[in-house]
Amino acid sequence: MGIVIIGGGAMGRAMYDGWINAGVPENSIAVADLNADLCCGSADFLLRDTGQSKMVVLAVKPQYVASVLEAHAQLLNPGDIVTSVAAGVRLTTLNGLVSDTVVVARAMPNLAVALNSGTIGIAIANGVSEAMVQNLTSVYDKLGKSFCIDEQQIDSFTAIAGSGPAYFFQFVEHLAANCAHLDIHQDIADSIVTQVMVGAAAMLADTDLPGASELRNRVTSQEGTTEAGLKSLEANGVLSQLVKNCLIDARERARELSEIEYRHG
Ligand SMILES: NC(=O)C1=CN([C@@H]2O[C@H](COP(=O)(O)OP(=O)(O)OC[C@H]3O[C@@H](n4cnc5c(N)ncnc54)[C@H](O)[C@@H]3O)[C@@H](O)[C@H]2O)C=CC1
Ligand SMILES: O=C(O)[C@@H]1CCC=N1
């Protein structure tokens, strides 16, 4: 199956890199972008070649998805797949722009797809055959781990997984910036903090080890340093409330985007 990614920005490029890393042949995948520097391979060839089925991945900003899909709709053949990774663009909008014979899905990846460590939510329109669902999820599993979800859950999935890496990076930035208060110079602070995070994430990913809560307990000696630090971090339940607000606000924005798209789509 050929893969054509439309939009070669942060996400489109990350997906391209992930699929190439996973062994997708270079002549079976292409990126099209208005900016020629962001294009890869020959999207025109893959889009027009009727000999093989194709998946078109819409990786443009939400407000451009409908017009981009409209412009490419006539190049889609029965059994071809369209997946939109745009936050807030509904399946009904996508379905309304292509023929009934084209399979339509939403995918919500995160940037870690570039390293095949992505988390990808997939919502597929009703009536799609089990074989096609398997086909689609197997393509996305090459980018990390995919989860089939109902479309009603995708705004929440976006808030947690799509945006998630940014929350982590923000925390890393705060840790690194605050090293200055502990007399650790910035030129090594970034490396120290990065290595701490990489090590902790590797422990979390190791299925022979317990989950986050037990791992935290293992670090935390009674009346020790971690306990003192965590006491401050968790004071008055503020952190938990901040995280809750963060997720709710991100989900709310995804919902707002759906409404904008609904009116224009
Ligand atoms: N950046 C992320 O971590 C994630 C992004 N997404 C979704 O991915 C989509 C793209 O986001 P980013 O990559 O961050 O944005 P971006 O701004 O980095 O990339 C968008 C690209 O689309 C191109 N483009 C615009 N109109 C086009 C057209 N008519 N034909 C071809 N290319 C066109 C632009 O030139 C740009 O390179 C958004 O809808 C976003 O909701 C989803 C999950 C995570
Ligand atoms: O910030 C955004 O809207 C996109 C969707 C999830 C991550 N980036």
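Reading guide: rules and limits
Residues numbered from 1 in each chain as written. Chains lettered and ligands numbered in written order. Predicted model: local features only at pLDDT ≥ 70, side-chain atom pairs only at ≥ 80, totals over all residues. Heavy atoms only, no water. UniProt positions renumbered as here; feature names shortened; annotations may be inferred. Near = heavy atom within 4 Å. Polar contact = N/O pair within 3.5 Å; in protein donor to acceptor, adjacent residues only side chain to side chain. Areas by Shrake-Rupley, 256 points an atom, 1.4 Å probe, with all protein chains shown as cover. Helix = DSSP H or I, 4+ residues; strand = E, 2+ residues; numbered from the N terminus. Nonpolar A, V, L, I, M, F, W, Y, C, P; charged D, E, K, R; others polar. Pairing = 2+ DSSP bridges. Right-handed = clockwise from strand over helix to strand, strands pointing away. Buried < 20%, exposed > 50% of the residue type's maximum accessible area, 1.4 Å probe, protein only. Phe/Tyr/Trp six-rings, centres within 6.5 Å; stacked < 30°, edge-to-face > 60°. Salt bridge = Lys/Arg side-chain N within 4 Å of Asp/Glu carboxyl O.

- Per an unreviewed UniProt entry, the protein is named Pyrroline-5-carboxylate reductase, and its organism is Hoeflea prorocentri.
- For the record of the protein, the UniProt heading Pathway (unreviewed entry) holds the text "Amino-acid biosynthesis; L-proline biosynthesis; L-proline from L-glutamate 5-semialdehyde: step 1/1."
- Listed under Function (unreviewed entry) in UniProt, the entry text for the protein is "Catalyzes the reduction of 1-pyrroline-5-carboxylate (PCA) to L-proline."

## Details of the site of ligand 1
So, point 1. Around ligand 1 sit 20 residues, and of these A10, M11, D33, V60 and A87 come closest.
So, point 2. One nitrogen or oxygen atom from the side chain of K61 is found 3.2 Å from an oxygen atom belonging to ligand 1.
So, point 3. Measuring from an oxygen atom of ligand 1, one finds a backbone N or O atom of A87 at 3.0 Å.
So, point 4. Coverage of ligand 1 by the protein chains reaches 76% of its 820 Å² of free accessible surface.
So, point 5. Listed by contribution, the elements that provide at least two residues to the shell around ligand 1 are α1 (10–21) and α3 (62–72).
So, point 6. Among the residues making up the shell around ligand 1, the classes are represented as 16 nonpolar, 2 polar and 2 charged.

## Some remarks on the site of ligand 2
So, point 1. Taken together, T158, G162 and S163 make up the full set of residues adjacent to ligand 2.
So, point 2. Against a free-state accessible area of 250 Å², the protein chains account for coverage of 44% of ligand 2.

## Considerations on the pairing of strand β7 (residues 144–148)
So, point 1. Of the pairings in the sheet, the one linking strand β6 (residues 118–124) to β7 comprises 5 bridges and is parallel in character. Residue G118 lies in a different strand from β7, and its bridge partner there is G144.
So, point 2. What joins β6 to β7 is helix α5 (residues 130–141), and the crossover it makes is right-handed.

## A short note on the pairing of strand β3 (residues 54–58)
So, point 1. Burial analysis of β3 places 5 of its 5 residues in the buried class, which makes it a mostly covered element.
So, point 2. The pairing of strand β1 (residues 2–6) with β3 spans 5 bridges and is classified as parallel. In the strand pairing of β3, I5 is matched with V57.
So, point 3. Relative to strand β4 (residues 81–84), β3 is paired through 4 bridges, and the arrangement is parallel. Of the residues in β4, the one forming a bridge with M55 is I81.

## Some thoughts on the packing of aromatic side chains
For any two aromatic rings, the description comes down to two numbers: the centre-to-centre distance and the angle of the planes.
So, point 1. Overall, the coordinates contain 3 aromatic pairs when judged by the stated rule.
So, point 2. Ring plane angle 55° and centroid distance 6.2 Å describe the contact between F147 and F157, whose orientation is recorded as tilted. In this pair, F147 is assigned in strand β7 and F157 in helix α6 (residues 154–162), connecting sequence segments 10 residues apart.
So, point 3. Its relative accessible area of 34% is what places F147 among the partly exposed residues.

## Brief notes about the pattern of salt bridges
So, point 1. In the structure shown here, the tally under the stated rule is 6 salt bridges.
So, point 2. R218 serves as the salt-bridge partner of E214, at 3.6 Å between the closest nitrogen and oxygen. A residue pair is termed a helical-turn pair when its members lie 3 or 4 positions apart in one helix, as E214 and R218 do in helix α9 (residues 212–219) at 4 residues.
So, point 3. Using a relative accessible area of 36% as the deciding quantity, one classes E214 as partly exposed.

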